[in-house]
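# A structural walkthrough
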Amino acid sequence: RILEIAARARLNVIVSGGTGSGKTTMLNALSRLIDPTERIVTCADAADLQLQQPQDIPLETRPANLEGSGRVSMTNRVKNCLRMRPDLINVGEVRGSEAFDLLQAMNTGHDGSMGTLHANSPREALSRLESMITMGGFALPPKTIREIIVGSVDVIVQAARLRDGSRRITHVTEVMGLEGETIITQDILLYDITGEDQNGKLIGRHRSTGVGRPRFWERARYYGLEKELAQALDEAEGSGP
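Residues numbered from 1 in each chain as written. Predicted model: local features only at pLDDT ≥ 70, side-chain atom pairs only at ≥ 80, totals over all residues. Heavy atoms only, no water.

Once that is clear, we can look at the pattern of salt bridges. Inspection of the entire model under this criterion finds 11 salt bridges. As a salt-bridge pair, Glu93 and Arg95 come within 3.4 Å of each other at their nearest N and O atoms. With a relative accessible area of 15%, Glu93 lands in the buried category. Between Arg146 and Glu181 there is a salt bridge whose closest N-O contact spans 3.6 Å. Taken together, the residues span a long stretch of sequence, with Arg146 in helix 6 (residues 142-152) and Glu181 in the loop between strand 7 (167-179) and strand 8 (182-196) at a distance of 35 residues. You can call Glu181 partly exposed: its relative accessible area is 45%. What you see here is one network of salt bridges that share partners, running through Glu4, Arg8 and Glu228. (Salt bridge = Lys/Arg side-chain N within 4 Å of Asp/Glu carboxyl O. Buried < 20%, exposed > 50% of the residue type's maximum accessible area, 1.4 Å probe, protein only. Helix = DSSP H or I, 4+ residues; strand = E, 2+ residues; numbered from the N terminus.)

Structure representation (structure tokens):
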């Protein structure tokens, strides 16, 4: 429910995880919570983002032909979609310099935008965003890049494929701000493995870390969702150890 509220409060969300961890599935699920009146532009390498909104405009990348021409990169798609006056943007997978364009879009009025990337933890996801911007050739100081990330990303959802093959959300983490040159994060929900059944399937539960008022509380209040958020946090607290 906390993720549902985050989507309805138009937070900017990054879904990170390894291969086969369910990043795209989670992004599809979150996208279904977007108001159907919103104009969404989706950028992806293939049509694996199956948004159900009536105003979804899908854009796909294109490899070069045999002559080596005609390539349309993800960076081109993200830049072009900003000219289509979207209310928000979804990027199927952030791999390179398009990370900078996505963050700029998140930071300039396209609230509720989402994207996925490969990373094994929320902290690693932030480091990967920083390195992708650096590799894109943007001559920016590290602190400036981190300020852009902090000003753009609200929540990181970490997905993982467990050893029994199941896929779980292991972290719901807020990006809090900068302390010096270090990005500060705060875990709201964590997934604890509590055991294993007779068939080898892992048993676990999501638990609250005890955060009573997340950073996006005022954002939830703005959208009239603070009571739902308080109830969701209380329920998560009750499911903890």
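As a further point, take the pairing of strand 6 (residues 155-161). Taking burial as the measure, the 7 residues of strand 6 include 6 buried ones, the bulk of the element. For strand 1 (residues 13-17) and strand 6, the ladder comprises 5 bridges, and the chain directions are parallel. Among the inter-strand pairings, Ile14 is bridged to a residue of strand 6, identified as Ile156. Where strand 6 meets strand 7, 7 bridges bridge the pair, whose relative direction is antiparallel. Each residue of the ladder has a partner; that of Ala159, found in strand 7, is Ile169. (Pairing = 2+ DSSP bridges.)

Turning our attention to the pairing of strand 4 (residues 88-91). Two faces belong to every sheet, and in a regular strand the side chains alternate between them. Side-chain alternation along strand 4 places Leu88 and Asn90 on one buried face and Ile89 and Val91 on a second face that is also buried. When strand 2 (residues 40-44) meets strand 4, the two strands line up parallel, connected through 4 bridges. Note on strand 4: the bridge partner recorded for Thr42 is Asn90. Pairing of strand 4 with strand 5 (residues 114-118) involves 2 bridges; the strand directions are parallel. Paired with Asn90 across the strands is Met114, a residue of strand 5. Assessed by its sense of winding, the connection that carries the chain from strand 4 through helix 4 (residues 98-106) to strand 5 is right-handed. (Right-handed = clockwise from strand over helix to strand, strands pointing away.)

Direction vectors running N to C along helix 4 and helix 5 (residues 122-135) enclose 115 degrees, while the axes themselves pass 7 Å from each other. Compared by their axis directions, helix 4 and helix 5 come out roughly perpendicular. Of the residues in helix 5, those touching helix 4 at Ala99, Phe100 and Leu103 are Leu129, Met132 and Ile133. The class makeup of the residues in the contact of helix 4 with helix 5 is 6 nonpolar, no polar and no charged. (Axes fitted to C-alpha atoms, helices over the stretch in contact; angles between N-to-C directions. Parallel < 35°, antiparallel > 145°, perpendicular 65-115°, else oblique. Contact = heavy atoms within 4.5 Å. Nonpolar A, V, L, I, M, F, W, Y, C, P; charged D, E, K, R; others polar.)

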